[in-house]
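Structure at a glance
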Amino acid sequence: MARYKIDIEYDGTNLIGWQINSQGSSVQSILQDAIFKFCGEHTTVYSAGRTDAGVHAINMVAHFDINKQFDAVTVMKAINFYLLKEPVSVLNCQIVNDSFHARFNCINRHYKYIVINRPAPLVLEKNKAWWIPYKLNLDAMQQAAKKLIGKHDFSSFRAVECQAKSPIKTLDKCTITQDNDKIIFEFCARSFLQHQVRNMVGTLVDIGRGKPYDIDKIFEAKNRSAAGVNAPACGLYFVNAIYDATNVDL
């Protein structure tokens, strides 16, 4: 048996998310089907993160096991051959030791969220960003974002259906930058609650619109209704996953 680590990019616009679900195509189901067509083996592909419907990935990390052994380049090319008509692509493939786990060995996850702030509707970036036609106060959003960094109870930013055992998370990075009409929110943490990033973005955008949200009071409330809107999935991207180098030895 061999374990393969793969880096993947995908357009989540018409997918139900990462995880297999009877409601439609998922990244996981597409990859597992491609692997089966390649080698005739049924396997489970495990990822660093479980993105929701409509969310994209620039470099999602995953792994899977198959009994037949091939070199990594052959595996990557073969899987991509069966992905040609799918919104998923394998960017890199590596043989790793069997102690590596894409989810459990991940020590940091990086997401970004893209807002296009202009009066004109989106065409080229439709379904790839959140279009906001009204003016946003960048400085107000940046000041509020600083308060999100650190170890907090993020109950007010978690989805009602979130099944995480604890709402306590440590946010290592939360920055907002602007390039012409594009505003980019970036977040890094070991792990996130369900919808945490989108709820933080929605709250920060509401603050940018002039709504009188106070981050400290939102934390104190520990109630989803105390925070802002849930930003649409289309603007969210899984950027990459960080691992201890000892877990990916060849």
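Everything here concerns the structure above.
In what follows, the accompanying structure is described. This is a predicted model, so every value here is computed, not measured.

**Details of the overall build of the protein**
Check the secondary structure of the protein and you find 5 helices and 10 strands. The C-alpha radius of gyration of the protein comes to 19 Å, within 12% of the 18 Å expected for a compact globule of 250 residues. When the backbone C-alpha atoms are referred to their principal axes, the protein occupies close to 60 × 40 × 35 Å. Taking all 250 residues of the protein together, the buried fraction comes to 53%. For the protein, the share of sequence-separated contacts (at least 6 apart) that also reach a separation of at least 24 residues comes to 70%. Only carbon and sulfur atoms are counted for the fraction: they give 50% of the accessible area of the protein, which is about 12200 Å². Of the charged side chains in the protein, 29 are positive and 24 negative; the average position of the first set lies 4 Å away from that of the second.

**Let's talk about helix α1 (residues 27–39)**
Helix length check: α1 (13 residues) gives 19 Å between terminal C-alpha atoms against 18 Å at 1.5 Å per residue, within 8%. For α1, every residue scored as buried is listed here: Val-27, Gln-28, Ser-29, Ile-30, Leu-31, Gln-32, Ala-34, Ile-35, Phe-38 and Cys-39. In this structure, the buried side of α1 is in contact with β1 (2–10), β3 (56–66), α2 (72–81) and β4 (88–96). Note on α1: the residue one or two positions beyond its end, Gly-40, has a positive phi of about 75 degrees.

**A word on the packing of aromatic side chains**
Under the counting rule described, the total for this entry stands at 10 aromatic pairs. On the numbers, 5.5 Å between centres and 25 degrees between planes, the contact of Tyr-4 with Phe-64 is stacked. Of this pair, Tyr-4 sits in strand β1 while Phe-64 sits in strand β3; the two residues are 60 residues apart in sequence, bridging distant segments of the chain. According to the relative accessible area criterion, Tyr-4 is buried, its value standing at 0%. Aromatic pair Tyr-113 and Trp-130: ring centres 6.2 Å apart, planes at 85 degrees, arrangement edge-to-face. A residue pair is termed long-range when its members are at least 10 positions apart, and Tyr-113 in strand β5 (residues 106–117) and Trp-130 in strand β6 (residues 130–132) qualify at 17 residues.

**A closer look at the nonpolar core**
Generally speaking, nonpolar side chains in soluble globular proteins are found buried as a group. Ranked by size, the top nonpolar core spans 75 residues in total, and within it Leu-31, Leu-148 and Phe-185 carry the most contacts. Broken down by element, this core gets its largest block of residues, 7 residues, from α1. Once residues within four sequence positions are removed from consideration, Leu-148 is found in contact with Phe-154, Phe-157, Leu-171, Cys-174, Met-200, Leu-204, Ile-215 and Phe-219.

**Some words on unusual backbone geometry**
Within the chain, Asn-127 stands out as a residue other than glycine whose phi angle is a positive 70 degrees. Along the chain, Asn-127 falls in the loop between β5 and β6. Judged by its relative accessible area of 36%, Asn-127 falls in the partly exposed class. Even without being glycine, Lys-222 reaches a positive phi, approximately 50 degrees. Along the chain, Lys-222 falls in the loop between α5 (215–221) and β10 (236–243). Looking at Lys-222, the relative accessible area reads 51%, which means it is exposed.

**Comments concerning the pairing of β3**
Counting buried positions over the 11 residues of β3 gives 9, a clear majority of the element. Two elements, β1 and β3, share 8 bridges in a ladder whose sense is antiparallel. Bridging across to β3, Ala-2 finds its partner in Ile-66. With 2 bridges connecting them, strand β2 (residues 46–47) and β3 associate as antiparallel partners. Across the sheet, the residue bridging to Tyr-46 is His-63, located in β3. Pairing analysis gives 2 bridges linking β3 to β10, with the strands arranged parallel. In the sheet register, Ala-57 faces β10, and the bridge partner there is Phe-238.

Rules behind the numbers
- Residues numbered from 1 in each chain as written.
- Predicted model: local features only at pLDDT ≥ 70, side-chain atom pairs only at ≥ 80, totals over all residues.
- Heavy atoms only, no water.
- Helix = DSSP H or I, 4+ residues; strand = E, 2+ residues; numbered from the N terminus.
- Rg over C-alpha atoms; globule rule 2.2 N^0.38 Å.
- Buried < 20%, exposed > 50% of the residue type's maximum accessible area, 1.4 Å probe, protein only.
- Contact = heavy atoms within 4.5 Å.
- Areas by Shrake-Rupley, 256 points an atom, 1.4 Å probe, with all protein chains shown as cover.
- Lys, Arg positive; Asp, Glu negative; His and termini not counted.
- Charge placed at Lys NZ, Arg CZ, Asp CG, Glu CD.
- Expected span 1.5 Å × (residues − 1).
- Phe/Tyr/Trp six-rings, centres within 6.5 Å; stacked < 30°, edge-to-face > 60°.
- Core = buried A, V, L, I, M, F, W, Y, C linked by side-chain atoms within 4.5 Å.
- Pairing = 2+ DSSP bridges.

Take it as geometry only, folks, not as evidence of what the structure does.
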